[in-house]
Amino acid sequence: MEAQPVMDLAAAMERFDGDQDLFLTLAEMFLERSPAALAAIQTALADKNLPMLAKEAHKLKGSAMEFCARPTVAAAAQLEESARQSAVSETAAMGEQVHAEVQRLTAALQVIIEKGFPA
(Lines give C-alpha, C1' and ligand atoms only; values in the text may rest on other atoms or scores of the structure.)
Protein backbone atom coordinates (compact mmCIF):
# COMPACT_ATOMS: atom_id res chain seq x y z
CA MET A 1 0.00 0.00 0.00
CA GLU A 2 1.38 3.38 -1.00
CA ALA A 3 1.73 6.09 1.60
CA GLN A 4 -0.68 8.99 1.33
CA PRO A 5 0.96 12.20 0.06
CA VAL A 6 2.14 14.36 2.95
CA MET A 7 0.02 17.29 1.73
CA ASP A 8 -2.18 18.42 -1.13
CA LEU A 9 -0.19 21.44 -2.27
CA ALA A 10 -2.72 22.44 -4.93
CA ALA A 11 -5.54 22.47 -2.38
CA ALA A 12 -3.36 24.33 0.11
CA MET A 13 -2.54 27.00 -2.46
CA GLU A 14 -6.24 27.31 -3.20
CA ARG A 15 -6.82 27.97 0.52
CA PHE A 16 -4.23 30.75 0.32
CA ASP A 17 -5.73 32.18 -2.90
CA GLY A 18 -2.45 31.37 -4.64
CA ASP A 19 -0.45 33.61 -2.27
CA GLN A 20 2.94 31.89 -2.14
CA ASP A 21 4.36 34.43 0.29
CA LEU A 22 1.57 33.72 2.77
CA PHE A 23 2.13 29.98 2.35
CA LEU A 24 5.86 30.40 3.00
CA THR A 25 5.25 32.60 6.04
CA LEU A 26 2.89 30.05 7.58
CA ALA A 27 5.23 27.20 6.64
CA GLU A 28 8.09 28.91 8.48
CA MET A 29 5.83 29.47 11.49
CA PHE A 30 4.89 25.78 11.45
CA LEU A 31 8.56 24.78 11.34
CA GLU A 32 9.32 27.09 14.27
CA ARG A 33 6.40 25.94 16.40
CA SER A 34 6.14 22.23 15.66
CA PRO A 35 9.06 21.17 17.91
CA ALA A 36 7.36 22.84 20.89
CA ALA A 37 4.02 21.29 19.92
CA LEU A 38 5.58 17.82 19.74
CA ALA A 39 7.34 18.38 23.07
CA ALA A 40 4.04 19.42 24.68
CA ILE A 41 2.39 16.27 23.31
CA GLN A 42 5.25 14.11 24.63
CA THR A 43 5.00 15.77 28.06
CA ALA A 44 1.22 15.25 28.15
CA LEU A 45 1.71 11.60 27.15
CA ALA A 46 4.37 11.05 29.81
CA ASP A 47 2.21 12.71 32.47
CA LYS A 48 -0.95 10.95 31.23
CA ASN A 49 -2.50 14.44 31.14
CA LEU A 50 -5.34 13.65 28.75
CA PRO A 51 -6.96 17.11 28.72
CA MET A 52 -3.63 18.70 27.81
CA LEU A 53 -2.96 15.96 25.24
CA ALA A 54 -6.33 16.59 23.58
CA LYS A 55 -5.69 20.34 23.54
CA GLU A 56 -2.20 20.04 22.04
CA ALA A 57 -3.32 17.49 19.44
CA HIS A 58 -6.22 19.78 18.50
CA LYS A 59 -3.89 22.76 18.01
CA LEU A 60 -1.51 20.70 15.89
CA LYS A 61 -4.41 19.39 13.82
CA GLY A 62 -5.52 22.95 13.07
CA SER A 63 -2.03 24.00 12.03
CA ALA A 64 -1.65 21.01 9.70
CA MET A 65 -5.05 21.73 8.13
CA GLU A 66 -3.65 24.96 6.70
CA PHE A 67 -1.42 22.87 4.43
CA CYS A 68 -4.07 20.27 3.58
CA ALA A 69 -1.75 17.74 5.23
CA ARG A 70 -4.30 14.95 5.56
CA PRO A 71 -2.04 12.30 7.18
CA THR A 72 -0.89 14.74 9.88
CA VAL A 73 -4.45 15.99 10.42
CA ALA A 74 -5.76 12.42 10.67
CA ALA A 75 -3.06 11.33 13.12
CA ALA A 76 -3.60 14.39 15.32
CA ALA A 77 -7.39 13.91 15.19
CA GLN A 78 -7.02 10.27 16.28
CA LEU A 79 -4.75 11.28 19.13
CA GLU A 80 -7.15 14.03 20.19
CA GLU A 81 -10.11 11.65 20.11
CA SER A 82 -8.27 8.96 22.07
CA ALA A 83 -7.33 11.52 24.70
CA ARG A 84 -10.94 12.73 24.91
CA GLN A 85 -12.17 9.13 25.23
CA SER A 86 -9.52 8.42 27.90
CA ALA A 87 -8.09 5.62 25.74
CA VAL A 88 -4.70 5.77 27.44
CA SER A 89 -3.59 2.44 25.96
CA GLU A 90 -3.85 3.86 22.43
CA THR A 91 -2.29 7.27 22.99
CA ALA A 92 1.40 6.27 23.04
CA ALA A 93 1.30 4.63 19.60
CA MET A 94 -0.78 7.49 18.24
CA GLY A 95 1.70 9.97 19.67
CA GLU A 96 4.45 8.22 17.71
CA GLN A 97 2.31 8.38 14.56
CA VAL A 98 1.72 12.11 15.06
CA HIS A 99 5.45 12.63 15.51
CA ALA A 100 6.22 10.71 12.30
CA GLU A 101 3.63 12.62 10.28
CA VAL A 102 4.81 15.99 11.59
CA GLN A 103 8.36 15.02 10.59
CA ARG A 104 7.14 14.18 7.06
CA LEU A 105 5.26 17.48 6.84
CA THR A 106 8.13 19.58 8.15
CA ALA A 107 10.50 17.91 5.66
CA ALA A 108 8.13 18.70 2.78
CA LEU A 109 7.68 22.30 3.92
CA GLN A 110 11.45 22.69 4.32
CA VAL A 111 11.96 21.60 0.70
CA ILE A 112 9.44 24.18 -0.54
CA ILE A 113 11.04 26.92 1.58
CA GLU A 114 14.55 26.05 0.40
CA LYS A 115 13.93 25.12 -3.24
CA GLY A 116 10.70 26.90 -4.08
CA PHE A 117 7.38 25.61 -5.29
CA PRO A 118 7.33 22.70 -7.74
CA ALA A 119 6.68 23.74 -11.32
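What counts and how
- Residues numbered from 1 in each chain as written.
- Predicted model: local features only at pLDDT ≥ 70, side-chain atom pairs only at ≥ 80, totals over all residues.
- Heavy atoms only, no water.
- Salt bridge = Lys/Arg side-chain N within 4 Å of Asp/Glu carboxyl O.
- Helix = DSSP H or I, 4+ residues; strand = E, 2+ residues; numbered from the N terminus.
- Buried < 20%, exposed > 50% of the residue type's maximum accessible area, 1.4 Å probe, protein only.
- Phe/Tyr/Trp six-rings, centres within 6.5 Å; stacked < 30°, edge-to-face > 60°.
- Core = buried A, V, L, I, M, F, W, Y, C linked by side-chain atoms within 4.5 Å.
- Contact = heavy atoms within 4.5 Å.

### Looking at the pattern of salt bridges
Right, on to step 1. Applying the stated rule across the entire model yields six salt bridges.
Right, on to step 2. Among the salt bridges present, the one from Glu-80 reaches Lys-61, with a minimum N-O distance of 2.8 Å. In this pair, Glu-80 is assigned in helix 4 (residues 70–84) and Lys-61 in helix 3 (residues 50–65), connecting sequence segments 19 residues apart.
Right, on to step 3. Residue Lys-61 is classed as buried on the basis of its relative accessible area, which comes to 15%.
Right, on to step 4. For the salt bridge of Arg-104 with Glu-101, the shortest nitrogen-to-oxygen distance reads 2.8 Å. Within this pair, Arg-104 and its partner Glu-101 are both found in helix 5 (residues 88–115), separated by three residues, close to a single helical turn.
Right, on to step 5. Several salt bridges converge on common partners, so that one network encompasses Lys-61, Glu-80 and Arg-84.

### Observations concerning the packing of aromatic side chains
Right, on to step 1. One pass over the structure, following the stated rule, counts five aromatic pairs.
Right, on to step 2. Ring centres of Phe-23 and Phe-67 lie 5.4 Å apart, and the angle between their planes is 80°; this geometry places the pair in the edge-to-face category. One end of the pair, Phe-23, is in helix 2 (residues 20–47); the other, Phe-67, is in the loop between helix 3 and helix 4, and 44 residues separate them in sequence.
Right, on to step 3. Look at Phe-23 and you get buried, because its relative accessible area is 0%.

### Points about unusual backbone geometry
Right, on to step 1. The phi torsion at Asp-17 lies on the positive side, around 50°, for a residue other than glycine.
Right, on to step 2. Taking relative accessible area as the criterion, Asp-17 reaches 73% and is therefore assigned exposed.
Right, on to step 3. Even without a glycine there, the phi angle at Lys-48 is positive, about 55°.
Right, on to step 4. Here Lys-48 lies in the loop between helix 2 and helix 3.
Right, on to step 5. Overall, Lys-48 belongs to the exposed group, its relative accessible area being 59%.

### What about the nonpolar core?
Soluble globular proteins tend to bury their nonpolar side chains together.
Right, on to step 1. With 35 residues, the main nonpolar core has Met-7, Phe-23, Leu-53, Phe-67, Val-98, Leu-105 and Leu-109 as its most contacted residues.
Right, on to step 2. Elements represented by at least two residues in this core include exactly helix 1 (9–15), helix 2, helix 3, helix 4 and helix 5.
Right, on to step 3. Top contributing element to this core by residue count: helix 2, with nine residues.
Right, on to step 4. Not counting chain neighbours up to four residues away, the residues in contact with Phe-23 comprise Met-7, Leu-9, Ala-12, Met-13, Phe-16, Phe-67, Leu-109, Ile-112 and Phe-117.

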